[in-house]
Structure formats: structure tokens, C-alpha cells
Amino acid sequence: MESNQAASSMEIETVPSEAKLLPPKPKFEPLKPHEMSDGQVQFRKVNVPPHRYTPLKKAWMDIYTPIYEQMKIDVRMNLKARRVELKTRVDTPDISNLQKCADFVHAFMLGFDVIDAIALLRLDELYIESFEIKDVKTLRGDHLSRAIGRLSGKGGKTKFAIENASKTRIVIADTKIHILGSFANIKIARDSLCSLILGSPAGKVYSKLRAVTARLAERF
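Conventions and cut-offs
Residues numbered from 1 in each chain as written. Predicted model: local features only at pLDDT ≥ 70, side-chain atom pairs only at ≥ 80, totals over all residues. Heavy atoms only, no water. Helix = DSSP H or I, 4+ residues; strand = E, 2+ residues; numbered from the N terminus. Contact = heavy atoms within 4.5 Å. Areas by Shrake-Rupley, 256 points an atom, 1.4 Å probe, with all protein chains shown as cover. pLDDT = per-residue confidence, 0-100. Expected span 1.5 Å × (residues − 1). Buried < 20%, exposed > 50% of the residue type's maximum accessible area, 1.4 Å probe, protein only. Arc of directions from axis to C-beta. Core = buried A, V, L, I, M, F, W, Y, C linked by side-chain atoms within 4.5 Å. Pairing = 2+ DSSP bridges. Axes fitted to C-alpha atoms, helices over the stretch in contact; angles between N-to-C directions. Salt bridge = Lys/Arg side-chain N within 4 Å of Asp/Glu carboxyl O.

What to know about the overall build of the chain
Then comes step 1: For the chain, the count of helices and strands is 13 helices and six strands.
Then comes step 2: Counting only contacts in the chain whose residues sit at least 6 apart along the sequence, the fraction spanning at least 24 positions is 58%.
Then comes step 3: Counting only carbon and sulfur atoms, one obtains 55% of the accessible surface of the chain, whose full area is about 14900 Å².

See below:
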């Protein structure tokens, strides 16, 4: 009798199968770009150097149109602070567009043409690398002038050759050098420029460039 009572006490209550069913998973709508930052408007500010003020005036519509119409970012020129200000809108399709536009404007300020800099808006794997001649070798006086002359060549011939071979764009602004391109291509252009700064003749750099570009063409 006792064993029957024990067995009955050990029996597990059966739960109906309907109660075991879990509630349906909630379906959340994807966040809109302006909601990702808790609905706060994000800003970027790019300073305008004095020597780029006039070129910016002339090319303003070429810069403004793709930023405002295609990337859906508000842009204005702050005349008092002398800087270009960018901010997100409610209809901005992607939050990363703001940084892309800031990089595009910054590239123009460094001296790149609008046609070249606009590639930063369209391609993700483009970068700008900047360095100075003194980072490679400490040169002064005429030695520095000759190094800058070797970099550009007669009528910019050497610079154009490096640009075309490495598929990059190069700006030589006094002792500063800016390179726009993909990671691998920037390395090729930088190595060629460094060789010229260190004193290599242009012919030797050309032959090395031909070998590197031929190797790249085989790889792809």
C-alpha cells in the first residue's frame, strides 16, 4: 500500500502539448541609418587651407552635386571658420556615406582633382597616404630641390609614368607627397618615389616599375 502511495507521489504531471509551444519570435524592422546613432545628427568638418580657397570656389558645384544628390549628405561652406561642414540627413541611405564625403573633400584640399577624388565616393578600397621627403632622407638646400625635380621629372613626365604604371594619383606639394589609390598600388608608387628621393636615376626606376607591373598583370 505504501509503495503504491510512493509511486503516485513520484508521478510527474503531464503538461498539455499546447502549453509547451514558445511564443513567436518578435520581428523588428531594420534600423534606419539616422536611428543607428540614437537619432542624433552626425557632423564632419574639413578645414580649407588658404591656397585651396580659390580652387574650391571654382569647383564648388562639382563637389556639392555628388555629395548632396547621390550620397544624400548636407554640405555647406562656413565662410567665417573657413571650413566645409557635412552632416547626415533623415534620408541618408548609409551612415558610412558621411565619412566617405569627408574623405572626398579632404582629398580635394590636399590637391587632387575632383575627377580623381570622386572615386573615393564610389569605391571602398581606396586610401590616401601622405609622407614627407624628410621621412625618407634628410635633404637640405639644393639637394632637396633636386630631389623634388627628380620626383616630377621634366614637365611632370616621371610623376605621370609612376601614376600610369601603378594606377594611382600623386600630388607633390613642396616637400609633402600624397598618393591616392588601393593598398597594393600605393606601395608600388611609394617604393618608386622613395627610390627617386634616395638618388636613383629615373631610367632605373622605370625598369623596376615595368617588372613590378608585369608581375601584377600575371597575378590577376
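Notes on the confidence of the model for the chain
Then comes step 1: Mean pLDDT over the chain works out to 85, with 88% of the residues at or above the 70 mark.
Then comes step 2: Taken element by element, the chain is modelled with least confidence in helix α1 (residues 2–10), mean pLDDT 53, and with most confidence in strand β6 (residues 176–181), mean pLDDT 94.

Digging into helix α13 (residues 202–219)
Then comes step 1: Spanning 18 residues, α13 covers 26 Å between terminal C-alpha atoms, matching the ideal 26 Å at 1.5 Å per step.
Then comes step 2: Within the sequence span of α13, burial applies to Val205, Leu209 and Leu216. Each buried residue of α13 sits inside an arc of 35° when the element is viewed along its axis, so together they form one side. Within α13, the exposed residues directed more than 90 degrees away from the buried face are Lys204, Arg210, Arg215 and Glu218.
Then comes step 3: The elements touched by buried residues of α13 are α11 (157–166) and α12 (183–197).

With respect to the nonpolar core
As a rule of thumb, nonpolar side chains are buried together in soluble globular proteins.
Then comes step 1: Ranked by internal contacts, the top residues of the largest apolar core, which has 31 residues, are Ile63, Ile67, Leu86 and Phe104.
Then comes step 2: A total of nine residues in this core trace back to one element, the largest contributor, which is helix α6 (residues 97–110).
Then comes step 3: Ignoring anything within four residues of it in the chain, the contact list for Leu86 reads Gln42, Phe43, Arg44, Val46, Ile67, Ile73, Asp74, Val75, Leu98, Cys101 and Ala102.
Then comes step 4: Grouped together as the second largest cluster of nonpolar side chains are 18 residues, Phe131, Ile177, Ile179 and Ala189 included.

A closer look at the sheet that holds strand β3 (residues 83–88)
By way of backbone hydrogen bonds, the strands of a sheet pair with one another, either parallel or antiparallel.
Then comes step 1: With antiparallel pairing, three strands are arranged side by side in an open sheet as β1-β3-β2. Strands with a single pairing partner mark the edges of an open sheet, and in this sheet they are β1 (43–47) and β2 (73–78). This sheet shows a mean twist of 20° between the axes of neighbouring strands, independent of strand direction.
Then comes step 2: In the packing of helix α5 (residues 60–70) onto the sheet, contacts are made with β2 and β3, and the angle to β2 comes to roughly 150°.
Then comes step 3: Seen against the sheet, α6 touches β1, β2 and β3 and runs at an angle of roughly 5° to β1.

Considerations on the sheet that holds β6
Then comes step 1: Ordered by their spatial adjacency, three strands build an open sheet running β4-β6-β5, and the pairing between neighbours is antiparallel. The open sheet has two edge strands with one neighbour each: β4 (127–132) and β5 (169–173). Sheet twist, expressed as the mean angle between neighbouring strand axes with direction ignored, is 15°.
Then comes step 2: Pairing geometry for β4 and β6, over six bridges, is antiparallel. Counted as the bridge partner of Ile128 is Leu180 from β6.
Then comes step 3: Running at roughly 150° to β6, α12 makes contact with β4, β5 and β6 of the sheet.

With respect to the pattern of salt bridges
Then comes step 1: Taken as a whole, this structure holds nine salt bridges when the rule is applied.
Then comes step 2: Of the charged contacts in the structure, one is a salt bridge between Arg89 and Asp91, with a shortest N-O distance of 3.0 Å.
Then comes step 3: The closest approach of N and O atoms between Lys100 and Asp124, which form a salt bridge, is 3.0 Å. Placement of the pair is Lys100 in helix α6 and Asp124 in the loop between α8 (119–122) and β4, with a sequence separation of 24 residues.
Then comes step 4: We classify Asp124 as exposed; its relative accessible area is 57%.
Then comes step 5: Through salt bridges with shared partners, a single network forms among Asp74, Arg89 and Asp91.

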